[in-house]
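# Structural characterization, general
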Amino acid sequence: MYVVKSPLSDADLKIVAEALQGALVDLVDLSLVAKQIHWNVVGPRFRSVHLQLDEVVDTARLHSDTVAERGSTLGVSPDGRAATVAQSSGIGSVPDGWVKDTDAVRTLVDALGAVITRMRERVEATGEADPVSQDIFIGITADLEKHHWMFQAENG
């Protein structure tokens, strides 16, 4: 079997691999959380929150692919399987059933906050080990922080 060889040292690759895998899990879970709430949100702001949730899903899916492909580029096999996501995500659980629009917004603020905190840790961890991966994490963090701001503004 062909194995992709990384240009990074073993020590740097270990740091970057952990950061990429953690980011992949968080982004996959964020897309699932946002989609679950998207299907179940109710209330006077249903339409605007419903559409805003899809923007988060699109962002998370786009970035999860970038992160997974960066891992593959470095010879790290990405793991986005459901069991791995369930075991490793930093996002709390989502309520089942219908979700009032204000609760939906609060849940997304919390989920985004958790992912942003972990993403900022990855920015810090990869700075010297791999500035290319760090740059990816910086871009992801900027996009997630924008969503975080907009959801916070929803509930004033």
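Residues numbered from 1 in each chain as written. Predicted model: local features only at pLDDT ≥ 70, side-chain atom pairs only at ≥ 80, totals over all residues. Heavy atoms only, no water.

Within the chain, the secondary structure is distributed over five helices and two strands. Each helix (α) and strand (β) of the chain, taken in turn from the N terminus, gives the series α-β-α-α-β-α-α. Taking 156 residues into account, the globule formula puts the C-alpha radius of gyration at 15 Å, and the chain, at 16 Å, falls close to it. Counting only C-alpha atoms and orienting by the principal axes, one finds that the chain spans roughly 55 × 30 × 20 Å. A separation of at least 24 residues holds for 85% of the contacts in the chain among residues at least 6 apart in sequence. (Helix = DSSP H or I, 4+ residues; strand = E, 2+ residues; numbered from the N terminus. Rg over C-alpha atoms; globule rule 2.2 N^0.38 Å. Contact = heavy atoms within 4.5 Å.)

All right, on to the UniProt feature "domain: Ferritin/DPS" (unreviewed entry) in the chain then. UniProt records the feature "domain: Ferritin/DPS" (unreviewed entry) at residues 18-153, using the numbering of this structure. As annotated, residues 18-153 comprises 79% helix and 3% strand, and the C-alpha atoms at either end are separated by 33 Å. (UniProt positions renumbered as here; feature names shortened; annotations may be inferred.)

Moving on to the pattern of salt bridges. A complete count under the given rule lists 11 salt bridges for this structure. One salt bridge connects R45 with E154, and the closest N-O pair in it is separated by 3.0 Å. You can see R45 sitting in the loop between strand 1 (41-42) and helix 2 (46-73) and its partner E154 sitting in helix 5 (residues 131-155), a full 109 residues away along the chain. Of the residues examined, E154 reaches a relative accessible area of 24% and is grouped as partly exposed. Shared partners join several salt bridges into a network, and the residues in it are R45, K100, D101 and E154. (Salt bridge = Lys/Arg side-chain N within 4 Å of Asp/Glu carboxyl O. Buried < 20%, exposed > 50% of the residue type's maximum accessible area, 1.4 Å probe, protein only.)

In this section: the environment of L53. Here L53 is to be found in helix 2. Distance from L53 to D103, taken between C-alpha atoms, is 13 Å for residues 50 residues apart in sequence. Leaving out residues up to four positions away in the same chain, L53 has contacts with A34, I37, H38, L108 and F151.

L30, L108 and L144 are the most contacted members of the largest nonpolar core, which totals 44 residues. For this core, the secondary-structure elements that each account for two or more residues are helix 1 (10-40), helix 2, helix 4 (101-126) and helix 5. Considering each element in turn, this core owes the most residues, 14 residues, to helix 1. The residues touching L30, leaving out its near neighbours within four places in the chain, are V56, A60, I91, L108, A111, L112 and L144. (Core = buried A, V, L, I, M, F, W, Y, C linked by side-chain atoms within 4.5 Å.)

All right, on to the side chain of H50 then. Checked against the element boundaries, H50 lands in helix 2. Given the relative accessible area of 18%, H50 is considered buried.

Moving on: empty space enclosed by the protein. A complete count under the given rule lists one cavity of 30 Å³ or more for this structure. Approximately 40 Å³ is the volume attributed to the largest cavity. Lining of the largest cavity is provided by A17, L20, Q21, L24, V67, A68, G71, V76 and P78. Contributions of two or more residues to the lining of the largest cavity are made by helix 1 and helix 2. Residues of the lining of the largest cavity, tallied by class, amount to seven nonpolar, two polar and no charged. (1 Å grid on protein atoms, 1.4 Å probe; cavity = no way out; pocket = protein on both sides within 12 Å on 5 of 7 lines; lining within 4 Å. Points joined across faces, edges and corners; volume = space filled by probe spheres on them. Nonpolar A, V, L, I, M, F, W, Y, C, P; charged D, E, K, R; others polar.)

All right, on to the side chain of D26 then. You can see D26 is positioned in helix 1. Every residue in contact with D26, bar those within four places of it in the chain, is listed here: S88, S89, G90, I91, V115, R118 and R122.

What follows covers the packing of helix 2 against helix 5. Between helix 2 and helix 5, the least distance of the axes is 11 Å, while the angle of their chain directions is 170°. Relative to helix 5, the element helix 2 lies roughly antiparallel. Of the residues in helix 5, those touching helix 2 at S48, V49, Q52, L53, E55, V56, T59, H63, T66, V67 and R70 are V132, S133, I136, G139, I140, D143, L144, H147, M150, F151 and E154. Taken together, the residues of the contact of helix 2 with helix 5 break down into 10 nonpolar, eight polar and four charged. (Axes fitted to C-alpha atoms, helices over the stretch in contact; angles between N-to-C directions. Parallel < 35°, antiparallel > 145°, perpendicular 65-115°, else oblique.)

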